[in-house]
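# Remarks on the overall topology
Below, each chain spelled out in residue letters.
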Amino acid sequence: MNRTEKGRISWIKSVIFSFLLLFFIIGYSYIHFKFITNGSFVLNQNVPNRIQMAIDSYVNRSQNVAAIQVVKVDLQKNVRYIIYTSLKDPVAKKLYVKFISDNITIEVPVFTKNTTHNSRMLSVINHEFLCYPFVDTVSYEMVPEMGKYATTVCSTTVPVESGKFSGFVAVFLSKEPTETEKDFIRIESISIAQLAYEVMK
């Protein structure tokens, strides 16, 4: 076999390899797209009325609380699902309803390329009570208009027992809380987390 024939065979192999690689990439992208669009941002979970009322009551009676969101997490799939949201402001409710109706098939990852977010998520998984700016959250990235109603988010792990993790409760605040307010929010969040675990487990 001369040098020209060897070169031709090498070129053919390169073309075949490139074709197979392109086929794999297109196939993977299609499967990934199908997986994402078949998922759901909101989990159709049956939340008992007494739990909804308890969450709504806390939102309505707390001057600094703009909203509460209960989120179930599937670490194996790296996906989070909203199972209940309570909002105080009527305009904020309309924004949220519109967002959900427009993005019902979006799957929101638990861990992202954002290292700050990932570090915070690990802290929540390890049962740390955290308060952080709303603008640094995935929620703000998806619905920045909500920044008019919330400046701070405090998160509590569900369930509250160490060694277990099913999700978290996020309390959205109109203004940054004082240290005293954080203590009260933490106590209320633990109560809500205990109720939420009844639905998640």
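One structure accompanies this document, and this report is about it. (Residues numbered from 1 in each chain as written. Predicted model: local features only at pLDDT ≥ 70, side-chain atom pairs only at ≥ 80, totals over all residues. Heavy atoms only, no water.)

### Comments concerning the packing of helix α2 (residues 49–61) against helix α6 (residues 179–200)
For the record, the criterion: Lines fitted to the C-alpha atoms define the axes, with helices restricted to the stretch that makes contact. Angles between their N-to-C directions range from 0 to 180 degrees. A run of H or I in DSSP counts as a helix once it spans at least four residues, and a run of E counts as a strand once it spans at least two, with each numbered from the N terminus. Any angle that is under 35 degrees is reported as roughly parallel, and any over 145 degrees as roughly antiparallel; angles of 65 to 115 degrees are reported as roughly perpendicular and all others as oblique. Definitions for this section: a left-handed crossing has its near helix turned counterclockwise from the far helix by less than a right angle. A right-handed crossing has that turn clockwise. For this analysis, residues touch if any pair of their heavy atoms sits within 4.5 Å. Polarity classes work like this: nonpolar for Ala, Val, Leu, Ile, Met, Phe, Trp, Tyr, Cys and Pro, charged for Asp, Glu, Lys and Arg, and polar for all others, with Gly in that last group.
At their nearest, the axes of α2 and α6 sit 10 Å apart, and the two run at 160° to each other. As summarised for this structure, α2 and α6 are arranged roughly antiparallel, according to the angle between their axes. Both α2 and α6 take part in a crossing whose hand is left-handed. Here Arg50, Ile51, Ala54, Ile55, Tyr58 and Arg61 of α2 come into contact with α6, specifically with Phe184, Ile185, Glu188, Ile192, Leu195, Glu198 and Val199. Considering only residue class, the contact of α2 with α6 consists of 9 nonpolar, no polar and 4 charged.

### Things to note about the packing of aromatic side chains
Within a pair of aromatic rings, the relevant descriptors are the distance that separates the centres and the angle that separates the planes. Note the cut-off: A pair of Phe, Tyr and Trp rings is counted when the ring centres sit within 6.5 Å of each other, with Trp represented by its six-membered ring. The angle between the planes then sorts it: under 30 degrees is stacked, over 60 is edge-to-face, the rest tilted. Partly exposed residues are those whose accessible area sits between 20% and 50% of the maximum for their type, while under 20% is buried and over 50% is exposed, using a 1.4 Å probe and protein chains only. Note on criteria: charge over ring means Lys NZ or Arg CZ within 6 Å of the ring centre, with the direction from the centre no more than 35 degrees off the ring normal.
Applying the stated rule across the entire model yields 2 aromatic pairs. A centroid spacing of 5.8 Å and a plane angle of 75° characterise the contact between Phe134 and Phe172, whose relative ring orientation is edge-to-face. Of this pair, Phe134 sits in the loop between β4 (130–133) and α5 (138–142) while Phe172 sits in strand β6 (residues 167–173), and the two are 38 residues apart along the sequence. Judged by its relative accessible area of 10%, Phe172 falls in the buried class. Three or more aromatic residues joined by ring pairs form one cluster here, namely Phe134, Tyr140 and Phe172. In this structure, Arg120 is placed above the aromatic ring of Tyr132, and the distance from its NZ or CZ to the ring centre is 4.2 Å.

### Re the sheet that holds strand β5 (residues 152–158)
Rules: Strands were regarded as paired on the criterion that DSSP finds at least two bridges between them.
Here we have 6 strands laid out as an open sheet, ordered β3-β2-β1-β6-β5-β4, and antiparallel in their pairing. This sheet does not close on itself; its edge strands, each paired only once, are β3 (108–109) and β4. The pairing of β4 with β5 spans 4 bridges and is classified as antiparallel. Bridged to Pro133 within β5 is Thr152. On top of the sheet, helix α4 (residues 115–125) reaches β2 (79–87), β4, β5 and β6; it is set at about 160° to β4, its chief contact. Those strands touched by α6 are β1 (65–74), β2, β4, β5 and β6, and its axis lies near 45° from that of β5.

### Thoughts on the nonpolar core
As a rule of thumb, soluble globular proteins bury nonpolar side chains together. Defined as follows: We call a set of buried Ala, Val, Leu, Ile, Met, Phe, Trp, Tyr and Cys residues a nonpolar core when their side-chain atoms join them within 4.5 Å.
Judged by nonpolar contacts, the single largest core of 24 residues is most densely connected at Met121, Phe168 and Phe172. Those elements that place two or more of their residues in this core are β1, β2, α3 (90–102), α4, β4 and β6. For this core, the leading source of residues is α3, giving 4 residues. Look past the residues within four positions of Met121 in its chain and what remains in contact with it is Arg80, Val110, Phe111, Phe165 and Phe168. Within the second largest apolar cluster, 23 residues are counted, among which are Val65, Cys154, Val171 and Ala196.

### Some words on the environment of Val108
In this structure, Val108 sits in strand β3. Note: C-alpha distance between Val108 and Ile82 (26 residues apart in sequence) is 9.6 Å.

### Some words on α2
Let me state the cut-off plainly: Given a helix with a known number of residues, its expected span is that number minus one, times 1.5 Å. Along the arc lie the directions from the helix axis toward the C-beta atoms.
Spanning 13 residues, α2 covers 18 Å between terminal C-alpha atoms, matching the ideal 18 Å at 1.5 Å per step. All of the buried residues in α2 are Ile51, Ile55, Tyr58 and Val59. Projected down its long axis, α2 shows its buried positions confined to an angular sector of 100°, all on one face. Set apart from the buried face of α2 by more than 90 degrees, the exposed residues are Asn49, Met53 and Asn60.

### Here's the deal with α4
The test is simple: Each polar contact in these results corresponds to two N or O atoms within 3.5 Å; when the atoms are within protein, one needs to be able to donate a hydrogen and the other to accept it, and residues that are neighboring in sequence are counted only if both atoms are side-chain atoms.
The set of residues buried in α4 consists of His117, Asn118, Arg120, Met121, Ser123, Val124 and Ile125. Those residues of α4 that are buried are in contact with β2, β4, α5, β5 and β6. Of the residues flanking the start of α4, the one acting as N-cap is Asn114, its side-chain oxygen 3.0 Å from the backbone nitrogen of Thr116. Count one or two residues on from α4 and you reach His127, which has phi positive near 65°.

Read these as layout, nothing more, since geometry by itself doesn't imply function.
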